[in-house]
Amino acid sequence: MHLIPQSPFMWHKIGEMVIRHRLALLAGLFVTTCIMAYFAAQVKMSYEFSRAIPTDHPRYQEYLAFKQRFGEDGNLLTIGFISDSTFTPGIFGPLEALQDSLRRIRGVEDILSAASAANLVRNDSTGRLETRPIFVKGALGRPALDSGRMVFESLPFYRGLLYNPHSHAYLVGVRLDSRILSTQTRDTVVGLVEARAAEFEEATGLELRYSGLPHIRFNMMTRIGAEMKRFLLASVLLSALILFLFFRSVSTMLLSLSVVVIGVVWSLGTLVLMGYRISLLTALIPPLVVVIGIPNCIYFLNKYHTSYIDQTDKRRALVEMVSKMGIVTLFCNVSAAIGFAVFALTRSVILQEFGVVAGINIMALFIISLILLPSALSYLPAPKERHTRYLESLWLSGLLRRVERWVFSHSRAVHLGTWIVLVFSITGMLRLRSEGYVVDDLPKDDKVYTDLKFFEQHFKGIMPLEMVVDAGKKNGFTGMRALDAFAGIDSLAQYLSGRPETAKPLSLAEGLKFARQAFYGGDSTSYAMPNAFDGAFLGDYLRPPRVRADSSAGLGRILSSFMDSGRQVTRITVNMADIGSRRLPLLLDTLRQKANQYIDTSRFEVTFTGTCVTFLEGSRYIINGLRDSIGWAFLLISLCMLYLFRSFRILLCSLIPNLIPLMLTAGVMGWTGIALKPSTVLVFSVTLGIAIDVTIRFLVNYKQELPHHEGDIRRTILHTIRQTGISIIYTSLVLIAGFIIFVFSGFGGTQALGWLTSLTLLTATVTNLVLLPVLLMAFSRRD
């Protein structure tokens with residue numbers, strides 16, 4: 001069996017070259033880092049929400065078509081409160097003031113609340129229905145408020161939309177300019193809206209609840225930015241502490257930190273150069289660079305110290321460090337990069353960005369390490385005795401002796417334990433389920449989550465679902481012919497209203513019922529769909545002289561918001577609860593059947609779209625993409641291992657110790673009820689790429705030492721455990737400590753990523769130090 005096509009002599013020459021041209025290489029590294037720092041300073045947050053779906057996907061195309069016709073569906077920020085004294089001067093006055101102050105905020109388009117509610121009034125002299133405010137502004141006397149309240153509560157149009165008559169919950173809807181939703185301005189506007197609302201809260205003593213997609217996105221992105229900085233700092237400090245405890249040298253610690261800091265700068269610069277922004281996934285890259293970069297330093301420095309002890313010549317030790325560890329570190333970084341880069345093979349934009357940037361910068365870490373470490377160490381003093389004392393650590397030596405005892409004396413117990421773990425893992429994997437929510441990653445006691453549940457309890461939710469009904473021709477929704485279609489839409493709306501997870505829908509059918517009530521003098525019993533008899537009288541009242549997109553007179557605004565200019569397409573808007581990706585497809589299937597039942601599909605085409613649909617498709621794409629990426633990572637890493645060792649026996653020995661930790665993690669997820677979702681599926685590809693580093697480190701050393709022990713596999717394995725065990729254990733400790741900090745995240749998915757990855761890496765360390773040697777001996781006996 002051959003080791004690799006590249007000879008040790010080549011890496012020896014590379015080591016000589018690095019030392020010889022160290023000044024030029026350091027200068028080039030410095031200039032490149034300055035350039036990347038310039039771009040890194042321009043990095044921005046991503047404010048988009050549904051980039052998980054490929055742009056050519058039919059659902060995405062339908063969503064784009066909807067937004068072009070009707071505008072953004074997720075631009076409503078909701079404010080809620082409970083009070084049975086809303087129509088008193090002490091609350092209604094501040095509510096009017098709040099409404100006025102919100103309207104003055106640049107970026108706020110409209111306010112929907114009880115204070116701004118309007119009534120439709122029949123005007124026989126003009127033959128039109130006129131819009132008149134229910135409450136006269138500034139009229140805060142008790143008679144005026146009581147009179148307005150009677151009118152307001154007599155209008156079924158607002159019931160369930162702006163208030164819940166049973167719980168006395170009231171809603172204030174703040175509609176934002178859709179043009180700011182994907183810009184940083186959105187956060188400024190949302191912040192101003194909530195600041196004005198806080199003044200109302202202070203004036204009335206009421207507890208306000210906030211929700212809506214703008215509010216959720218604002219909080220998510222604010223926390224992502226804060227967490228990226230916090231975890232980056234924590235990972236650097238934790239790595240610095242471990243390095244200092246390990247090497248007992250400030251200069252060595254600072255040198256290692258320089259490698260990862262440069263790597264972080266390059267990763268942020270790469271984001272900008274690629275035209276990407278910081279998202280929930282790409283925000284993980286800087287801390288990951290720190291965590292993955294430190295093992296590079298440990299591998300190189302550990303070899304440098306052992307070589308210096310053997311040769312007591314600094315230059316020769318540095319060259320040997322590169323010649324021995326260059327190929328090892330290269331393939332370790334290649335395997336880790338593959339674990340991330342395979343995400344670029346998916347069709348999900350957000351995964352592609354994460355995979356490209358992470359893969360590029362993990363390979364960049366190798367270049368940075370290869371240049372900076374030997375060059376800088378050549379200028380530093382030779383290591384002192386205290387710097388290499390860790391090589392004789394008593395507790396590590398004792399631990400490695402136990403590993404040797406298990407490998408050589410208890411191999412049957414190792415096999416038995418492996419089978420027990422496999423049975424536990426497989427039975428747990430059978431319990432795995434896939435499910436995600438829009439606010440899935442937030443703790444159940446988080447205010448964003450509890451406020452969302454408030455609106456689900458009192459208004460059945462705020463997640464937008466849109467149904468588009470297309471007549472297939474212009475003016476398909478005009479005249480008396482359209483009444484049958486709107487009657488079907490109304491029947492579908494009533495079915496939706498009766499479901500526990502969907503709120504009262506808004507459509508032109510509701511506008512027609514409101515108009516009929518107005519035509520018959522405001523009698524609430526007349527709130528019903530017009531029939532053919534009503535249509536003969538209502539026709540003139542429902543036909544504005546000209547409907548413009550910016551019209552605010554009569555029914556103009558309603559018509560322009562719920563029907564396109566050609567009167568060919570109309571929409572049904574319904575808010576719903578965040579019911580998750582498992583129940584949502586079932587609900588959509590049921591609604592499609594009901595739509596086909598109530599609406600004549602031979603004349604009209606019904607399409608379901610909106611943020612709920614794009615979220616569902618996005619979750620599917622991310623999870624399926626991550627599943628596919630695991631297969632790609634497994635295949636590509638297998639090819640790398642086969643290329644590296646040129647032996648199917650070694651390939652099989654290398655893959656088994658890395659598959660078992662992945663299966664164990666999946667089994668633990670199944671037994672503990674952790675669902676498969678984007679943040680948890682991410683664990684498998686990432687850890688496969690990182691854990692295989694330990695395997696490469698062990699097997700390369702094993703192959704290098706085998707000729708020196710005259711092909712004696714047992715002696716070679718014993719020597720390999722003693723020589724590589726220390727660096728493998730310390731590297732694993734750094735990786736586990738680096739990932740475990742994610743447990744302190746405010747996002748449940750990131751927390752799961754932290755402890756699941758740490759569990760996988762811990763298991764991989766054990767399997768590579770214990771099971772891998774046992775497999776090597778078992779397979780060798782069959783040769």
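Everything here concerns the structure above.
Residues numbered from 1 in each chain as written. Predicted model: local features only at pLDDT ≥ 70, side-chain atom pairs only at ≥ 80, totals over all residues. Heavy atoms only, no water.

## Thoughts on the overall build of the protein
Along its length, the protein carries 24 helices and 10 strands. When its C-alpha atoms are laid out on the principal axes, the protein stretches across 110 × 50 × 45 Å. Here the protein, with 783 residues, has 59% of them falling under the buried criterion. Long-range pairs, those at least 24 residues apart, make up 79% of the contacts in the protein between residues at least 6 apart in sequence. Surface summary for the protein: the accessible area is close to 32,500 Å², and the carbon and sulfur share equals 58%. (Helix = DSSP H or I, 4+ residues; strand = E, 2+ residues; numbered from the N terminus. Buried < 20%, exposed > 50% of the residue type's maximum accessible area, 1.4 Å probe, protein only. Contact = heavy atoms within 4.5 Å. Areas by Shrake-Rupley, 256 points an atom, 1.4 Å probe, with all protein chains shown as cover.)

## Observations regarding the packing of helix 6 (residues 185–204) against helix 7 (residues 213–247)
Their axes nearest at 10 Å, the elements helix 6 and helix 7 cross at an angle of 110°. As the angle between them shows, helix 6 and helix 7 are arranged roughly perpendicular. Viewed along their axes, helix 6 and helix 7 form a crossing whose handedness is left-handed. Within the contact between the two elements, helix 6 uses Arg-186, Asp-187, Val-190 and Glu-194 and helix 7 uses Pro-214, His-215, Arg-217, Phe-218 and Met-221. Split by residue class, the contact of helix 6 with helix 7 holds four nonpolar, one polar and four charged. (Axes fitted to C-alpha atoms, helices over the stretch in contact; angles between N-to-C directions. Parallel < 35°, antiparallel > 145°, perpendicular 65-115°, else oblique. Left-handed = near helix turned anticlockwise from the far one by under 90°. Nonpolar A, V, L, I, M, F, W, Y, C, P; charged D, E, K, R; others polar.)

## Topic: helix 20 (residues 611–645)
Helical geometry note: an α-helix holds 3.6 residues per turn, so side chains three or four residues apart project in the same direction. Helix length check: helix 20, at 35 residues, gives a terminal C-alpha distance of 49 Å against a target of 51 Å (1.5 Å per residue), a fit within 8%. Looking at the residues trailing helix 20, positive phi occurs at Arg-646, about 55°. (Expected span 1.5 Å × (residues − 1).)

## Here's the deal with the packing of helix 15 (residues 482–498) against helix 16 (residues 508–519)
Orientation of helix 15 relative to helix 16, taken along the N-to-C sense of each, is 100°, at an axis distance of 8 Å. Taken together, the axis directions place helix 15 and helix 16 in an arrangement best described as roughly perpendicular. Facing Phe-486, Ile-489, Asp-490 and Ala-493 of helix 15, the residues of helix 16 in contact are Leu-508, Ala-509, Glu-510, Leu-512 and Lys-513. Here the residues of the contact of helix 15 with helix 16 are counted per class, giving six nonpolar, no polar and three charged.

## Describing the sheet that holds strand 9 (residues 569–576)
Taken in spatial order, the three strands line up as 9-8-10 in an open sheet, and their pairing is antiparallel. Edge strands, defined here as strands with exactly one partner in the open sheet, are strand 9 and strand 10 (605–609). Strand-to-strand twist across the sheet, computed as the mean angle between neighbouring axes with direction ignored, equals 20°. Here eight bridges tie strand 8 (residues 463–470) to strand 9, and the two strands are oriented antiparallel to one another. (Pairing = 2+ DSSP bridges.)

## As for the side chain of Glu-466
Tracing the backbone shows Glu-466 in strand 8. Within polar-contact distance, the side chain of Glu-466 engages the side chain of Thr-573 at 2.8 Å. (Polar contact = N/O pair within 3.5 Å; in protein donor to acceptor, adjacent residues only side chain to side chain.)

## A word on empty space enclosed by the protein
All told, the structure shown has six cavities of 30 Å³ or more when counted by the stated rule. When its volume is computed, the second largest cavity comes out at roughly 90 Å³. In terms of lining residues, the second largest cavity is bounded by Ile-224, Glu-227, Met-228, Phe-231, Leu-280, Ala-283, Leu-284, Pro-287, Phe-742, Phe-747 and Thr-750. Broken down by element, the lining of the second largest cavity gets its largest block of residues, four residues, from helix 7. Classifying every residue of the lining of the second largest cavity by side-chain character gives nine nonpolar, one polar and one charged. (1 Å grid on protein atoms, 1.4 Å probe; cavity = no way out; pocket = protein on both sides within 12 Å on 5 of 7 lines; lining within 4 Å. Points joined across faces, edges and corners; volume = space filled by probe spheres on them.)

## Looking at the state of the cysteines
Two cysteines whose sulfur atoms are joined by a covalent bond form what is called a disulfide. This structure, assessed with the given rule, holds zero disulfides. Cys-34 takes part in no disulfide bond, and the closest cysteine sulfur to it belongs to Cys-297, at a distance of 20 Å. Note on Cys-34: relative accessible area 40%, which makes it partly exposed. Residue Cys-297 stays outside any disulfide, its sulfur separated by 13 Å from that of Cys-332, the closest cysteine. Classification of Cys-297 as buried rests on a relative accessible area of 0%. (Disulfide = S-S within 2.5 Å.)

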